[in-house]
Amino acid sequence: MQVIVALKLTKAKWSRWNMKILAQPAFKDRDKNPYTWLVYTHLTTLGVDVHEFSPKKLLINNYSIWHRHWPERNLNEPNFFRAITKTLALLLLMILARWRGTKIVWTVHNLASHEQLYPQLEAWFWKAFTRQLDGYINLSKTGMKAAQERFPQLKNIPGFVVPHGHYRGQYPNQVSSQEARNYLGIPTSAKVLLLFGKIRPYKNAPQLMRVFRQVFDPEAILYIVGSPEFPELAAEIERESALDQRVRINLNFIPKDHMQWYFSAADLVILPYREILNSGSAFLALSFNRPILVPKIGALPEVQDQVGQEWVYTYTGEITDYDIENALDWALNTPRPEQAPLEAFDWQELANKTINAYNEIAKYSRKKRKK
């Protein structure tokens, strides 16, 4: 028995040390979103050789896995010719990688581009993209089911669930609520609602502001913080904020050492998405130990089950003033520990799950695919 166990451990270690991964992105986006940096930093501690993607690296080196995140970003290009050029280049590189024996893995963050600028191009892209995959990783069980429904081709290749990890420890978080409120000029008695992060249309910020105006609590404050994706969206937010003195906005990029001022001042973080599959912003708020109000869509109900109903409050349909009032009362009066229970989202364990997925995908043969 001891010999068998030793052999198994030796084989697992061999797989890790001989695995060469090309990731897109890997480490370069840490300041924008540390998600992939955390994924691959923890993989390297386990002996996985991870390289930042470039076409040159893909073409001159032999990689076991090419791991792709957010391929739909090409479809968010406002210039159509750049969008189609980048899309075609990606698909061509995937064909070349497949020819050279590299297995292609996709982490399913989204099922469509956020802006939906080119519906026909996008429909064609996803069909071609999923045909080139050898495996895929989902951030939730809900996400896996939704991905298979959206792209039936995925049922024919290996799929795995590796949850989104937490962001605890990635950002300074030492200031107290009172210190943060003093810094931001917020009264101690205020009930502070926060929408934080890069502001894109699907995050529904203007509608949240319109609904908030129907909340008649004079002590309620809504803070909108983050840089809008489009100038038109910024202008709309500025117009809406001028209609209610309880609304505050900061439409600038927030450096990582300043984020704690906003989260520490908040009683409740609101993420009023129109549509979403996974939400890194939800994990960011929970990593700052702030309760969240989110729609009951995508993987968010699953997050509620994992973290607990004292940390995640959900609503159905379009957000209403009733939802905000109830959630604010819940946030202020529900007993909860000082820290959100995020042990299930520990990066070291998630790195092990990712390696197991890689090993299974590396053994997968395209000849086994159903026609």
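Residues numbered from 1 in each chain as written. Predicted model: local features only at pLDDT ≥ 70, side-chain atom pairs only at ≥ 80, totals over all residues. Heavy atoms only, no water.

Draft legend 1. A look at the sheet that holds strand β7 (residues 191-196). Here six strands make up an open sheet; going across it, the order is β9-β8-β7-β10-β11-β12 and the pairing parallel. The open sheet has two edge strands, β9 (247-250) and β12 (312-315), and neither has a second partner. When the angles between neighbouring strand axes are averaged without regard to direction, this sheet yields 25°. Relative to strand β10 (residues 268-270), β7 is paired through two bridges, and the arrangement is parallel. When the sheet's bridge partners are listed, Leu194 is paired in β10 with Val269. Together, β7, β10, β11 (292-295) and β12 form the strand contacts of helix α11 (residues 280-287), whose direction differs from that of β11 by roughly 165°. (Pairing = 2+ DSSP bridges. Helix = DSSP H or I, 4+ residues; strand = E, 2+ residues; numbered from the N terminus. Axes fitted to C-alpha atoms, helices over the stretch in contact; angles between N-to-C directions. Contact = heavy atoms within 4.5 Å.)

Draft legend 2. Quick look at the pairing of strand β4 (residues 103-108). Of all six residues that make up β4, six are buried, and the element is covered over most of its length. Along β4, one buried face is formed by Lys103, Val105 and Thr107 and the opposite face, lined by Ile104, Trp106 and Val108, is buried too. Across five bridges, the pairing between strand β3 (residues 65-69) and β4 is parallel. Opposite His67, over in β4, you have Val105 as the bridge partner. With helix α4 (residues 80-99) bridging β3 and its parallel neighbour β4, the resulting β-α-β unit is right-handed. By the bridge criterion, four bridges tie β4 to strand β5 (residues 135-138) in an arrangement that is parallel. Residue pairing across strands places Val105 opposite Gly135, the latter belonging to β5. Handedness of the β-α-β unit built from β4, helix α5 (residues 119-131) and β5 comes out right-handed. (Buried < 20%, exposed > 50% of the residue type's maximum accessible area, 1.4 Å probe, protein only. Right-handed = clockwise from strand over helix to strand, strands pointing away.)

Draft legend 3. Spatial organisation of the packing of aromatic side chains. If you walk through the whole model with that rule in mind, you get 23 aromatic pairs. Ring centres of Phe263 and Phe288 lie 4.5 Å apart, and the angle between their planes is 5°; this geometry places the pair in the stacked category. With Phe263 in helix α10 (residues 259-265) and Phe288 in the loop between α11 and β11, this pair connects stretches of sequence that are 25 residues apart. A residue is classified by how much of its surface remains accessible, and Phe263, at 2% relative accessible area, is buried. A network of ring pairs unites the aromatic residues Tyr167, Tyr171, Phe196, Tyr223, Tyr262, Phe263 and Phe288 as a single cluster. If you follow Arg30 out to its NZ or CZ, it ends over the ring of Trp37, 3.6 Å from the centre. (Phe/Tyr/Trp six-rings, centres within 6.5 Å; stacked < 30°, edge-to-face > 60°. Lys NZ or Arg CZ within 6 Å of the ring centre and 35° of its normal.)

Draft legend 4. Geometry of the sheet that holds β3. A sheet is described by the order of its strands in space; here six strands give the open sequence β2-β1-β3-β4-β5-β6, paired in parallel fashion. If you trace the sheet from one side to the other, it starts and ends with β2 (49-52) and β6 (159-161), each paired once. The mean angle between the axes of side-by-side strands here comes to 25°, regardless of whether they run parallel or antiparallel. As paired strands, β5 and β6 are joined by three bridges and run parallel to one another. Along β6, the bridge assignment pairs Tyr136 with Gly159. The strands touched by helix α2 (residues 35-45) are β1 (20-24), β2, β3 and β4; relative to β3, the strand with the most contacts, the crossing angle is about 155°.

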